[in-house]
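Residue strings, one per chain:
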Amino acid sequence: MEKIERIKRTVDTGSVDRLARILGAFDENLNFLSRELGIVAYVDGVKIHLEGDADEVRIGAEVLSSLTKIAGSESIDKTKMAYCIELAKEGRAGEISTLESGVIAITARGKQIKCKTVGQKTYVDAIKKNTVVFGVGPAGTGKTYLAVCMAVSAFKSKQVEKIILTRPAVEAGEKLGFLPGDLHEKVDPYLRPLYDALQEMLGLETYGKLMERGAIEVAPLAYMRGRTLSNAFIILDEAQNTTKEQMKMFLTRMGEGSKTVVTGDVTQIDLDGKDSGLVHATDILDGVDGISVCRLTAKDVVRHPLVMRIIRAYEKDAERADKSAIEKTRKTPKKKDGETVEGE
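What this report covers is the structure whose coordinates are included nearby. (Residues numbered from 1 in each chain as written. Predicted model: local features only at pLDDT ≥ 70, side-chain atom pairs only at ≥ 80, totals over all residues. Heavy atoms only, no water.)

Judged from the five bridges that link them, strand β2 (residues 40-44) and strand β3 (residues 47-53) form a sheet pairing that is antiparallel. The residue of β3 that forms the bridge with V43 is I48. Here β2 folds back onto β3, and the loop between the two strands holds two residues, one of which, G45, carries a positive phi near 70 degrees. (Pairing = 2+ DSSP bridges. Helix = DSSP H or I, 4+ residues; strand = E, 2+ residues; numbered from the N terminus.)

Below, the discussion takes up helix α3 (residues 54-70). The terminal C-alpha atoms of α3 lie 25 Å apart, and with 17 residues this matches the ideal 24 Å at 1.5 Å per residue to within 8%. Buried within α3 we find A54, V57, I59, G60, A61, V63, L64, S66, L67, T68 and I70. Here the buried face of α3 lies against β1 (6-12), α1 (16-23), α2 (28-37), β3 and α4 (78-89). (Expected span 1.5 Å × (residues − 1). Buried < 20%, exposed > 50% of the residue type's maximum accessible area, 1.4 Å probe, protein only. Contact = heavy atoms within 4.5 Å.)

Pairing between sheet strands relies on hydrogen bonds along the backbone, with the strands arranged either parallel or antiparallel. What the three strands build is an open sheet, ordered β1-β3-β2; its pairing is antiparallel. Lying at the two open borders of the sheet, with one neighbouring strand each, are β1 and β2. Looking at each pair of strands side by side, their axes are set apart by 20 degrees on average, direction ignored. Both β1 and β3 contribute to a ladder of seven bridges, which runs antiparallel. When the bridges of β3 are listed, I7 appears paired with G52. (Axes fitted to C-alpha atoms, helices over the stretch in contact; angles between N-to-C directions.)

Turning our attention to the packing of aromatic side chains. Taken as a whole and judged by the stated rule, the model has one aromatic pair. Seen in terms of ring centroids, Y195 and Y207 are 6.4 Å apart; in terms of plane orientation they differ by 75 degrees. Their pairing is edge-to-face. Taken together, the residues Y195 in helix α7 (residues 183-202) and Y207 in helix α8 (residues 204-213) connect sequence positions twelve residues apart. Y207 carries the same exposure label as Y195, and that label is buried. (Phe/Tyr/Trp six-rings, centres within 6.5 Å; stacked < 30°, edge-to-face > 60°.)

Further remarks concern the environment of C115. Its location among the elements puts C115 in the loop between β5 (112-114) and α5 (118-129). Placed 13 residues apart in sequence, C115 and G102 show a C-alpha to C-alpha distance of 7.7 Å. With residues up to four places along the chain from it excluded, the contact list for C115 reads L99, I104, Q120, K121 and V124.

Quick look at the structure:
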């Protein structure tokens, strides 16, 4: 039986303030690290001692050392701890320090919005550098929220004159039937996530004034046809539910001085048997100058840590289904001319 090597490592946080940020309320961050890696962790002064399996202790030490570098200015919670553990397991713990700088926006209440994962930072940097950006990834990765933040930032700095938000009015596996009211009231349920993000960034009063003035426009995708959208920051949300024809129509609306961000989750396509315009567009446009395709993953989920695990479980189930389908295809006997397979 192979003997498991057990070792001890010590990480010096340098100060009580950094230590407190890393530990979290009632040491919940350190306890989370200990449970996730199956190691013993305890504090002595401003130092954190780790004991356990060599590989797991090494990962834990890398996580704590990286977090120590950003703990002076960043808050640490279980979600960030879980993300750092995932990076360290891939040998990318050093990338954690890149999250320390860069406020991308400030909400109406003065809250600073920063990237919480390396994937998010790559996404935001791509929006800054490119004219068209595709943000593809699972729920909870901040695709739409960060796009709205960047749109508001560009509007406030007068880089654009207008913010245009749109999404296809496709129901998520349900039939809602007739919706009463005017156009605004009919599309409101579909566009609510966009409204919420805008109101948080601008404040309810400013948001209302900009909507009345036409500086912010929120509309279903069908109303984009025939228009040329110049000097605008345009966001297409839930783009996985566009057809190829709709996606082409949308992308060709862009005029002079505009920037476009397209977001979507290709695992949540609600089109009845039709090909997704998002999947098609990212395949044929990836690598085109001025266009960037950013693919966020379960590691970039910034909601409850459990969301990351849920997404992973679904991904594994999809992989098993694919393997099962391939195996079934291999085992199915091929028919020769004039023959029939038993059971037909």
